[in-house]
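Survey of secondary and tertiary structure
In case you want the letters, here they are:
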Amino acid sequence: MPLPIRVFRAVALVALLVVVAAGGAVRAAAERLTFETASGSHAFTVEIAATPEQRQTGLMYRRSLAPEHGMLFDFGKVEPVAMWMKNTYVSLDMVFVRADGAVQRIAKGTEPLSLEVIESGGPVRFVVEIAAGEADRIGLKPGDRAIHPVIQQKASR
């Protein structure tokens, strides 16, 4: 038996309110990304920002970011990248990653809500945003590797 239209509308309204409360975007499924460092392998749970809309929103409006969690941005091509912290309430470590998975640069402890431009320091394909302090905690340095199926697929082409 079909739902009465007022029940359907109520359910749709609740779903819309959940999306708005989540910062206006539905969060992507979580996936595993591993950083290989001198101290070993360190797994993170990341959301993927692959579309222009997902990359534009990123981690904006979030009030917290759990340890060992973050977001992987895939820019679709190799070029210098610039980021900022507009509407981002938590300090981040931004890990700029070349197409082959090698870490190009790490911008540590970015300033929340800042409009300062944070540059990659060279051509990259990906950026991984993690909570501020995580890069130091795992000993992440330029030249270390980020391992994820999206990165590995791009490196093999």
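Residues numbered from 1 in each chain as written. Predicted model: local features only at pLDDT ≥ 70, side-chain atom pairs only at ≥ 80, totals over all residues. Heavy atoms only, no water.

To continue, consider the overall build of the protein chain. Along its length, the protein chain carries four helices and seven strands. Secondary structure elements in the protein chain, listed N-terminal to C-terminal, are α-β-β-α-β-β-β-β-α-β-α. In the protein chain, which comprises 157 residues, the proportion classed as buried is 38%. Within the protein chain, residue pairs in contact and separated by at least 24 positions form 69% of the contacts whose partners lie at least 6 positions apart. (Helix = DSSP H or I, 4+ residues; strand = E, 2+ residues; numbered from the N terminus. Buried < 20%, exposed > 50% of the residue type's maximum accessible area, 1.4 Å probe, protein only. Contact = heavy atoms within 4.5 Å.)

To continue, consider the nonpolar core. With 19 residues, the main nonpolar core has L33, F35, L72, V95, V128 and L140 as its most contacted residues. Going through the elements one at a time, strand 1 (31–37), strand 2 (40–49), strand 4 (92–97), strand 5 (103–107), strand 6 (118–131), helix 3 (134–138) and helix 4 (149–155) are the ones with two or more residues in this core. If you look at the next biggest cluster of nonpolar residues, it comprises 17 residues, including M71, M85, V127 and A131. (Core = buried A, V, L, I, M, F, W, Y, C linked by side-chain atoms within 4.5 Å.)

This paragraph deals with the pattern of salt bridges. Counted according to the given criterion, the structure contains six salt bridges. Linking R62 and E47 is a salt bridge whose minimum nitrogen-to-oxygen distance equals 2.8 Å. On the criterion of sequence distance, the pair formed by R62 in the loop between helix 2 (52–57) and strand 3 (69–83) and E47 in strand 2 is long-range, its members being 15 residues apart. Here R62 and E47 have matching classes, each one buried. The salt bridge involving E79 is made with K77; its shortest N-O contact spans 3.9 Å. Three or more residues joined by partner-sharing salt bridges are found here, namely E68, E134 and R137. (Salt bridge = Lys/Arg side-chain N within 4 Å of Asp/Glu carboxyl O.)

Let's shift gears to the confidence of the model for the protein chain. Of the residues in the protein chain, 79% have a pLDDT of 70 or more, and the chain-wide mean is 85. Every residue in residues 1–26 scores below 50 in pLDDT, and together they form five contacts with partners more than four places removed in sequence or on other chains. (pLDDT = per-residue confidence, 0-100.)

Backbone geometry places Y61, a non-glycine residue, at a positive phi of 70°. Here Y61 shows up in the loop between helix 2 and strand 3. The backbone of E68 shows a phi angle near 60°, a positive value even though the residue is not glycine. By relative accessible area, which is 38% here, E68 ends up partly exposed.

Before going further, it helps to spend a moment on a nonpolar patch on the surface. On the surface, a cluster of nonpolar side chains totalling about 280 Å² of accessible area is made up of Y61, Y89 and L113. By the secondary structure assignment, L113 is in the loop between strand 5 and strand 6. Among the residues examined, L113 registers a relative accessible area of 45% and is labelled partly exposed. (Patch = residues over 30% accessible without salt bridge, like charges linked within 9 Å, V, L, I, M, F, W, Y side chains within 5 Å. Areas by Shrake-Rupley, 256 points an atom, 1.4 Å probe, with all protein chains shown as cover.)

A separate point is the sheet that holds strand 5. The seven strands lie next to each other as 5-4-6-3-2-1-7, forming an open sheet whose pairing is mixed. Every interior strand has two partners, whereas the edge strands, strand 5 and strand 7 (145–147), have only one. Taking the axes of each pair of neighbouring strands and ignoring which way they run, one obtains an average angle of 35° across the sheet. Where strand 1 and strand 2 come together, seven bridges link them in antiparallel fashion. Within strand 2, the residue paired with E36 across the bridge is S41. (Pairing = 2+ DSSP bridges. Axes fitted to C-alpha atoms, helices over the stretch in contact; angles between N-to-C directions.)

The next point concerns the pairing of strand 5. Two faces, one strand: in a regular strand the side chains alternate between the faces of the sheet. Here four bridges tie strand 4 to strand 5, and the two strands are oriented antiparallel to one another. Residue pairing across strands places V97 opposite V103, the latter belonging to strand 5. Linking two consecutive strands that pair antiparallel, namely strand 4 and strand 5, is a turn of five residues; a positive phi of about 95° is found at G101 within it.

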